[in-house]
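Structural description and commentary
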Amino acid sequence: MSEIRSHRDLLVWQRAMDIAVATYELTKRYPREELFGLTSQSRRAAASVSANIAEGYGRGTKQAYVNFLRISRGSLKELETHLVLAERVGLASSESTRDLLKHADELGRMLHGLISKVQSQSDR
């Protein structure tokens, strides 16, 4: 296992970034009239996941880090909801969201594990 020197070294942050990129790619195919609707909402939620992991890591206290990891997990659930809604209203096919939802589920489990690990440690 390599040394963690910044939030960019965290696998959970890297996976969150991958999901954000995939979300941007998917939403490029949404109709223009959704630019200020599900396109914007999905992209903001996706970007928020990695941003909150980074912000929490930078805060330097266990309590703040856990709080931001929880916010990140909430943004991930928001993104999942936007993806399912996009399917249900016909903006995206289940084939186009299947892998993204699978990766989001995996990331959710990773975030849960990291939250548990950080809570069990003493302050940095």
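Preceding this section is the structure that the text describes.
Rules used throughout
- Residues numbered from 1 in each chain as written.
- Predicted model: local features only at pLDDT ≥ 70, side-chain atom pairs only at ≥ 80, totals over all residues.
- Heavy atoms only, no water.
- Phe/Tyr/Trp six-rings, centres within 6.5 Å; stacked < 30°, edge-to-face > 60°.
- Buried < 20%, exposed > 50% of the residue type's maximum accessible area, 1.4 Å probe, protein only.
- Salt bridge = Lys/Arg side-chain N within 4 Å of Asp/Glu carboxyl O.
- Helix = DSSP H or I, 4+ residues; strand = E, 2+ residues; numbered from the N terminus.
- Expected span 1.5 Å × (residues − 1).
- Contact = heavy atoms within 4.5 Å.
- Core = buried A, V, L, I, M, F, W, Y, C linked by side-chain atoms within 4.5 Å.

Once that is clear, we can look at the packing of aromatic side chains. Under the defined criterion, the tally for this structure stands at one aromatic pair. Here Tyr57 and Tyr65 contribute two aromatic rings whose centre-to-centre distance is 5.9 Å and whose plane-to-plane angle is 85°, an arrangement assigned as edge-to-face. One exposure class covers both Tyr57 and Tyr65, and it is buried.

A separate point is the pattern of salt bridges. Within the structure shown, the criterion is met by five salt bridges. Here Glu25 ties to Lys28 by a salt bridge, and the two come within 3.2 Å at their closest N and O atoms. The salt bridge partner of Lys77 is Glu80, with a shortest N-O separation of 3.5 Å. Of this pair, Lys77 and Glu80 both sit in helix α3 (residues 62–88), three residues apart, which is roughly one turn of the helix. A relative accessible area of 41% means that Lys77 is categorised as partly exposed.

Quick look at helix α4 (residues 94–120) now. Counted at 1.5 Å a residue, the expected span for α4 with its 27 residues is 39 Å, and the 38 Å between its end C-alpha atoms agrees. Among all positions in α4, only Thr97, Leu100, Ala104, Leu107, Gly108, Leu111, Leu114, Ile115 and Val118 are buried. On its buried face, α4 is in contact with α1 (11–27), α2 (35–59) and α3.

A few words on the nonpolar core. Core analysis: the biggest nonpolar cluster contains 30 residues, and Ile53, Leu69 and Leu107 have the highest contact counts within it. Of all elements in the fold, only α1, α2, α3 and α4 reach the threshold of two or more residues within this core. Setting aside residues up to four positions removed in sequence, Leu107 forms contacts with Val12, Arg15, Ala16, Ile19, Val49 and Leu76.

Bear in mind that shape data such as this cannot, by itself, settle questions of function.
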